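The lines below spell out each chain.
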Amino acid sequence: MTNDGNPGSPQVSPSAGSARDVVLAIQEAFRTADYARMAALYDDDIDWLFHGPVSIFPAIGHRRGKVAVFQGLEALNRLFSFSNHVTKSLIAEGDWVAGIADVTMVQRASGRTITCSVASFHRVRDGRLIYYRGFNDSFDAVEQVLGRVITP
Amino acid sequence: MNESATRATVEDVYDAYGRRDMERVAALLHDDIDWVIYGPIEVFPFVGMRRGRKAVLEAIVTLFELFSLESHQREIMIVEGDRAAIMSDVGFKQRATGRTLRFRVANFMRFQDGRLIEFREFADSFDLVEQAIGHAVEL
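Residues numbered from 1 in each chain as written. Chains lettered and ligands numbered in written order. Predicted model: local features only at pLDDT ≥ 70, side-chain atom pairs only at ≥ 80, totals over all residues.

Student: What am I meant to see in the overall build of chain B here?
Tutor: Helix and strand content of chain B: four helices and six strands. Counting from the amino terminus, chain B carries its helices and strands in the arrangement α-α-β-β-α-β-β-β-β-α. The C-alpha atoms of chain B give 15 Å as radius of gyration, which agrees with the globular expectation for 139 residues (14 Å, within 12%). The dimensions of chain B, computed from C-alpha atoms along their principal axes, are 45 × 30 × 25 Å. Counting all 139 residues of chain B, 36% fall into the buried class. Across chain B, contacts joining residues at least 24 apart in sequence account for 49% of those joining residues at least 6 apart. (Helix = DSSP H or I, 4+ residues; strand = E, 2+ residues; numbered from the N terminus. Rg over C-alpha atoms; globule rule 2.2 N^0.38 Å. Buried ≥ 20, exposed ≤ 12 C-beta atoms within 10 Å, placed from the backbone. Contact = placed C-beta atoms within 7 Å.)

Pasting the structure below:
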């Protein structure tokens with residue numbers, strides 16, 4: 001087990017019916033860079049982790065609490081602008097939602113366009129996001145950011 | 001497929017895979033399966049896009065030639081209709097070096113007629129490369 005929290009099994013909560021809507025609203029807010037709307041949909045104590053190398057993407061890694069998450073997103077926005085986010089698949093059960101999205105972002109310093117598929121797992125409680133795990137092909141993303149092939 | 005049938009088939013897939021029962025794995029794959037494991041194929045030759053049962057089985061055989069599954073602990077499974085998303089903590093032993101790669105993996109599955117027709121696997125591939133080569137990647 002990793003030591004960043006065990007999310008447990010899906011539970012049907014009073015807000016179960018809205019979990020998908022909350023995630024879709026967050027994704028729409030992200031698409032439109034409406035960070036105030038996004039923040040309103042994040043729980044103060046959110047447990048957030050995007051898996052990947054912090055040396056290349058300083059905004060990712062494990063973050064706890066809304067303030068820390070949005071400091072990370074702000075840092076990420078200083079480095080990259082997000083030009084596209086297309087949800088390809090969304091699976092919901094109880095208070096859990098998982099999905100795959102195609103994401104396109106532009107590295108501000110170089111103008112390079114980085115495209116990747118992002119997988120995510122979300123848990124919603126009382127209409128707010130309390131848990132997030134994100135994945136992408138981080139090796140490929142690093143190569144795109146550096147603009148060259150890495151020979152391990 | 002309803003949720004209970006999907007859930008049972010997911011269990012069947014993981015069980016057959018864990019036992020390396022390739023006959024059962026093959027029976028659970030749709031002829032036209034669309035399969036992607038994201039990662040660098042120059043380090044992990046079994047990853048990438050595969051289309052069709054035969055190609056997927058070849059990839060799984062290659063994986064088992066290079067790695068053995070040491071542990072698989074499921075953290076979450078989300079099922080809706082004929083789709084499932086599963087996040088797990090896994091350990092794979094690299095046969096050539098004896099190194100164990102530990103990581104969290106995300107699987108997305110879709111079933112048709114009781115068989116797996118779409119599969120996507122995500123993990124922190126940069127971290128996996130470093131674990132596989134036994135040192136940090138020089139950038």
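The discussion continues.
Student: Hey, could you run me through the nonpolar core in this one?
Tutor: One recurring pattern in soluble globular proteins is that nonpolar side chains are buried together. Counting residues in each nonpolar core, the largest one holds 66 residues, and the members touching the most others are I78(B), A84(B), A85(B) and A106(B). Excluding its chain neighbours within four sequence positions, the residues that come into contact with A85(B) are I91(A), A98(A), F121(A), I78(B) and F108(B). (Core = buried A, V, L, I, M, F, W, Y, C linked by C-beta atoms within 7 Å.)

Student: Can you walk me through the interface of chain B and chain A in this structure?
Tutor: The figure often quoted for interface size is the accessible area lost as the parts come together. Taken residue by residue, the interface counts 28 residues in chain B and 29 residues in chain A. Among the elements that line the side of chain B that touches chain A, the one with the most residues is strand β3 (residues 67-80) of chain B, at six residues. Taken together, the residues of the side of chain B that touches chain A sort by class into 18 nonpolar, three polar and seven charged. (Nonpolar A, V, L, I, M, F, W, Y, C, P; charged D, E, K, R; others polar.)

Student: Any chance you could explain the sheet that holds strand β1 (residues 29-37) of chain B here in plain terms?
Tutor: Residues and elements named next belong to chain B. One open sheet accounts for six strands, arranged β2-β1-β6-β5-β4-β3; its pairing is mixed. Either end of the sheet is taken by a strand with one partner, and the two such strands are β2 (48-51) and β3. Here the strands of the sheet are splayed against their neighbours by 20° on average, with no regard to which way each runs. Where β3 lies against strand β4 (residues 83-94), twelve bridges are found, and the strand directions are antiparallel. Each residue of the ladder has a partner; that of H72, found in β4, is V90. Against the sheet, helix α1 (residues 3-18) engages β3, β4, β5 (100-112) and β6 (115-123), with an angle of about 175° to β3. Packed onto the sheet, helix α3 (residues 53-66) meets β1, β2, β3 and β4 and runs at close to 50° relative to β1. (Pairing = 2+ DSSP bridges. Axes fitted to C-alpha atoms, helices over the stretch in contact; angles between N-to-C directions.)

Student: What's the story with the pairing of strand β4 (residues 96-107) of chain A in this structure? I'm lost.
Tutor: The side chains of a regular strand alternate between the sheet's two faces. All names here are of chain A. One ladder, built from twelve bridges, connects strand β3 (residues 80-93) with β4; its direction is antiparallel. By the bridge assignment for β4, V86 is matched with D102. The turn linking β3 back onto β4 is made up of two residues, and G94 within it adopts a positive phi angle of 60°. Pairing between β4 and strand β5 (residues 113-125): eleven bridges, direction antiparallel. Within β5, the position partnered with W96 by the bridge is R123. Between β4 and β5, which pair antiparallel in sequence order, lie five residues; one of them, G111, sits at a positive phi of approximately 80°.

Student: When you look at the packing of helix α4 (residues 138-146) of chain A against helix α4 (residues 125-133) of chain B in this model, what are you seeing that I'm missing?
Tutor: A pair of packed helices is captured by two measures, namely the crossing angle of their axes and the spacing between those axes. Interaxial distance between α4(A) and α4(B) falls to 5 Å at its minimum, and their mutual angle equals 100°. In this view, α4(A) runs roughly perpendicular relative to α4(B), as classed from their interaxial angle. Two secondary-structure elements touch here, α4(A) through S138(A), F139(A), D140(A) and V142(A) and α4(B) through S125(B), F126(B) and V129(B). Of the residues that constitute the contact of α4(A) with α4(B), the class distribution is four nonpolar, two polar and one charged. (Parallel < 35°, antiparallel > 145°, perpendicular 65-115°, else oblique.)

Student: Before we go on, may I ask you to explain the sheet that holds strand β6 (residues 128-135) of chain A in this structure?
Tutor: Strands belonging to one sheet form pairs held by backbone hydrogen bonds; the direction of such a pair is parallel or antiparallel. Residue and element names in this part refer to chain A. Spatially, the six strands line up as an open sheet ordered β2-β1-β6-β5-β4-β3, and their pairing is mixed. A strand with exactly one partner marks an edge of an open sheet, and here the two such strands are β2 (61-64) and β3. Along the sheet, successive strands turn relative to each other by an average axial angle of 20°, direction set aside. Across the sheet, helix α1 (residues 19-31) is in contact with β3, β4, β5 and β6; its angle to β3 comes to roughly 170°. Contacting β4 and β5, α4 runs over the sheet at an angle of about 135° to β5.

Read these as layout, nothing more, since geometry by itself doesn't imply function.
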